[in-house]
Amino acid sequence: MSDEREVIVVGAGPAGAITATLLAQNGHDVLLLDRHTFPRDKVCGDAVPAQAIDILNRAGMKGKVETAVSRGEFYPLTHMRLVSPKGHQMVAPLHQGEHNSTSYVAPRFYFDALIQQHAVEAGAEFQQMQVEEPWMENGRVVGVKARHNNTLENLRARIVVGADGVTSAMTRALRPKHAQHIDAHRAVALRAYIENIEEFPHEVEFYLYKNILPGYAWIFPTGKGQANIGLGMRLDHFRQTPRKLKAMLTEFLEIPAIKKRLKQGWKLRDIATWQLNFGSQKHLQLAFDGAVLVGDAAGLINPLTGGGIHNSLVSGKLAAETIHGALQRGDVSRTGLQGYEKRCHESLWDNMKRSYRLQKTLIRFPFLVDFLVNRLQENSALAQIFLTKL
Ligand SMILES: Cc1cc2nc3c(=O)[nH]c(=O)nc-3n(C[C@H](O)[C@H](O)[C@H](O)COP(=O)(O)OP(=O)(O)OC[C@H]3O[C@@H](n4cnc5c(N)ncnc54)[C@H](O)[C@@H]3O)c2cc1C
C-alpha cells in the first residue's frame, strides 16, 4: 500500500527519539508520534549518566549537548553523595564516559526536546497524535489507531515501535494481563523543583532513611541555587503505608541537615508524581509480530537506582539495529525481531538481577545501609557502582 510507512515510533521520549534517529540515519522512512509537542516536561530526577551521553554523542549529538551545557540547560556533575539513616556520608567521583564525557542534571524539558529535534533533523517525520491502540490484523501489528484533533485515524506500518512510556497503550494491548508488571517490580515517586536551596555544587545527593526504605530521597542540583528534589518507594511497600508522598517530602525537608540549607524565600514548584516499572521482572516480552517495545514501555528501569534514561537509549539503539536487519530480510515477525529481545536481555539482565537482589536485602536489613555507606566511605570504586547504572 502506498500510504504504508516503514516504521511508526509511538512516543518521542529518549527511547522513541533515539530509535527514530538511528533508523532515519540508516535511510528508513520513520513516522514519530507523540501526544505532546516538544519541549514538554516529564516527571524525572533528570540525572543523565555519562554512558547515556556517550550514546547521544555516537548518534551525532555532541554539538547539541555542548550547546545545551553552554546555555546552562544541562548542569555538569562530578560527584555523588550517599547519606545513610544514621547520617554516615560518602562522596565519590562519578565515572566519566568515552572521551571524558560527563554526567548531567538535564531537565527533561530540554533533554527530550534535544533528542526529538535530532530525530527530525535525521529525517524522521514528527506528528502530534495520541495513539489509542495498535492496529491488529490476524494477530499481527500492522499499524496504530491514533487520534489527532478528535479524529481517529488508522496508520499502517511494516513495524511499530512502542516507546510510549510507563502508561504505554502499546504494552497494555500487546502483553497478556498475566505478564504485565506487578507491584513488587514497580515504584511510585514524587518530583519537584526547589528554589533557593544551598547546593553541593556538581554533586547528586541520595538519602536513604528509615521511613523511605525501600526507596530514597534525592537532591539533584540544576545550578543557581535550584535543584530537582524528590523521593520514591517500591509500590507494594508504599501501598502499605498510610502516608502520602507529598507529606513524605515535607518530612524530608524537615530533616535538620536539609532544613538548614533552605534559604530565605525557598519554594517548591512543579510537584508531580509518576510510576516506574523495573526491568527486574522475569520473562518480559519485548518483541511481537510486527512490533517491539523499548524504554519504559518495555519496563527497563533499574530497580535499585530508579534510573531508566540510559536503559531507554540502550534499548532504542538495539531495537533500531534489529529493525534495520529485519526490514532488509523482509521478516518483521516475532521470530525476525527476537534478536532484539535477546540482546536487550544480554545487555541489561545481569545488572537488573544484582540491583533487585541488593534492593531486597536493604529492605530486610536496613541497618546494612549504615554499614555499607560506612564501608563505601573508604571504597570509592564500590561507591561508584551505585551510580554507574543510573
Ligand atoms: C520520579 C521519577 C524520577 C526519575 N529519575 C530518573 C533519573 O534521575 N535518571 C534516570 O535515568 N531515570 C529516571 N527516571 C526514569 C526515566 O524517567 C524513564 O526511564 C525515562 O523517561 C524513559 O524514557 P522513555 O522514552 O521510555 O519514556 P518517556 O520518557 O515516558 O517518554 C514516553 C513518551 O511517549 C509519549 N506518549 C505516551 N503515551 C502516548 C500515546 N498513547 N500516544 C502518543 N504518545 C504517547 C509521552 O508523551 C512521552 O513523550 C525517573 C522516573 C521517575 C518517575
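Look a little higher up for the structure.
Caption draft 1: Local environment of the packing of aromatic side chains. Here the structure, examined in full by the defined rule, presents ten aromatic pairs. With a centroid separation of 5.9 Å and an interplanar angle of 45 degrees, the aromatic rings of Phe74 and Phe111 are classed as tilted. Taken together, the residues Phe74 in the loop between helix H2 (50-70) and strand S4 (75-77) and Phe111 in helix H3 (residues 108-122) connect sequence positions 37 residues apart. For the pair formed by Phe74 and Phe111, the shared burial category is buried. Joined through ring pairs, the aromatic side chains of Phe206, Tyr216, Trp218 and Phe220 make up one cluster. Its end group placed over the ring of Phe200, Arg81 keeps NZ or CZ at 3.8 Å from the ring centre. The lysine or arginine in question, Arg156, covers the ring of Trp135, its NZ or CZ lying 4.6 Å from the ring centre.

Caption draft 2: Layout of the packing of helix H9 (residues 309-329) against helix H10 (residues 334-364). Their axes nearest at 8 Å, the elements H9 and H10 cross at an angle of 160 degrees. When the axes of H9 and H10 are compared, the pair comes out roughly antiparallel. Considering how the two elements wind past one another, H9 and H10 form a crossing that is right-handed. Of the residues in H10, those touching H9 at Asn311, Val314, Ser315, Leu318, Ala319, Glu321, Thr322, Ile323, Ala326 and Arg329 are Gly336, Leu337, Gly339, Tyr340, Arg343, Cys344, Ser347, Leu348 and Met352. Its residues placed into classes, the contact of H9 with H10 shows ten nonpolar, six polar and three charged.

Caption draft 3: View of the nonpolar core. Grouped together as the largest cluster of nonpolar side chains are 75 residues, with contacts concentrated most on Ile8, Val144, Val160 and Ile323. Per-element tally for this core: the top contributor is H9, with nine residues. Here Val144 is in contact with Ile8, Val10, Leu33, Val131, Glu133, Pro134, Trp135, Glu153, Asn154, Leu155, Val160 and Met170, once residues within four sequence places are set aside. Counting residues in hydrophobic clusters, the runner-up holds 26 residues, among them Val204, Leu304, Leu362 and Val373.

Caption draft 4: Structural view of the environment of Ser355. The topology assignment puts Ser355 in helix H10. Apart from residues lying up to four places away in sequence, Ser355 is in contact with Asn302, Pro303 and Leu304.

Caption draft 5: Structural view of the site of the ligand. For the ligand, the set of nearby residues contains 36 residues, the closest of which are Asp34, Arg40, Gly45, Arg108 and Asp296. Between the ligand and Asp34 there is a distance of 2.6 Å, counted from an oxygen atom to a side-chain nitrogen or oxygen. Calculation on the ligand without its partners gives an accessible area of 1000 Å², and the protein chains cover 96% of this total. Mapped onto the shell around the ligand, the elements with two or more residues apiece are helix H1 (14-25), strand S9 (130-137), strand S14 (215-223), strand S16 (262-277), helix H8 (295-298) and H9. The element that contributes the greatest number of residues to the shell around the ligand is S16, accounting for three residues. Class assignment of the residues belonging to the shell around the ligand gives a composition of 16 nonpolar, twelve polar and eight charged. Both domains that meet at the shell around the ligand, namely domain 1 (5-75 + 103-181 + 279-362) and domain 2 (184-277 + 365-388), each give it at least three residues.

Calculation notes
Every residue gets a number counted from 1 within its own chain, in the order that chain's sequence is written. Predicted model: local features are reported for residues with pLDDT of at least 70 only, side-chain atom pairs are reported and counted for 80 or more only, and whole-chain, interface and lining totals are derived from all residues. By convention in this description, side-chain values take in all heavy atoms of the structure and omit both hydrogens and water. Two aromatic rings, drawn from Phe, Tyr or Trp (for Trp, its six-membered ring), form a pair once their centres lie within 6.5 Å of each other, and the interplanar angle then sorts them: stacked below 30 degrees, edge-to-face above 60, tilted otherwise. By the criteria applied, helices consist of DSSP H or I runs no shorter than four residues and strands consist of E runs no shorter than two, each listed in order from the N terminus. Any residue under 20% of the maximum accessible area for its type is buried, any over 50% is exposed, and the rest in between are partly exposed; the area is computed with a 1.4 Å probe on protein chains only. Cation placement over rings: the criterion is NZ of Lys or CZ of Arg within 6 Å of the ring centroid and within 35° of the ring normal. Throughout, an axis means a line fitted to C-alpha atoms (over the contacting stretch in the case of helices), and angles, computed between N-to-C directions, take values from 0 to 180 degrees. Note that the term roughly parallel is reserved for angles under 35 degrees, roughly antiparallel for angles over 145, roughly perpendicular for angles of 65 to 115, and oblique for everything else. Left-handed describes a crossing in which the near helix is turned anticlockwise from the far one by less than a right angle; the clockwise case is right-handed. What makes two residues a contact is simply this: any of their non-hydrogen atoms within 4.5 Å. Residue polarity is assigned by list, with Asp, Glu, Lys and Arg as charged and Ala, Val, Leu, Ile, Met, Phe, Trp, Tyr, Cys and Pro as nonpolar; anything else, Gly included, falls into the polar class. Residues grouped as a nonpolar core are buried Ala, Val, Leu, Ile, Met, Phe, Trp, Tyr and Cys residues, joined through side-chain atoms within 4.5 Å. It suffices for a single heavy atom of a residue to lie within 4 Å of a molecule or strand for the residue to be listed as near it. Any pair of nitrogen or oxygen atoms within 3.5 Å is treated as a polar contact; in protein, a donor-acceptor pairing is required on top of that, and neighbouring residues in sequence qualify only through side-chain atoms on both sides. Throughout, the Shrake-Rupley method with a 1.4 Å probe supplies accessible areas, and for residues the shown protein chains are the sole cover considered. Delimitation of the domains relies on an automatic or database domain assignment.

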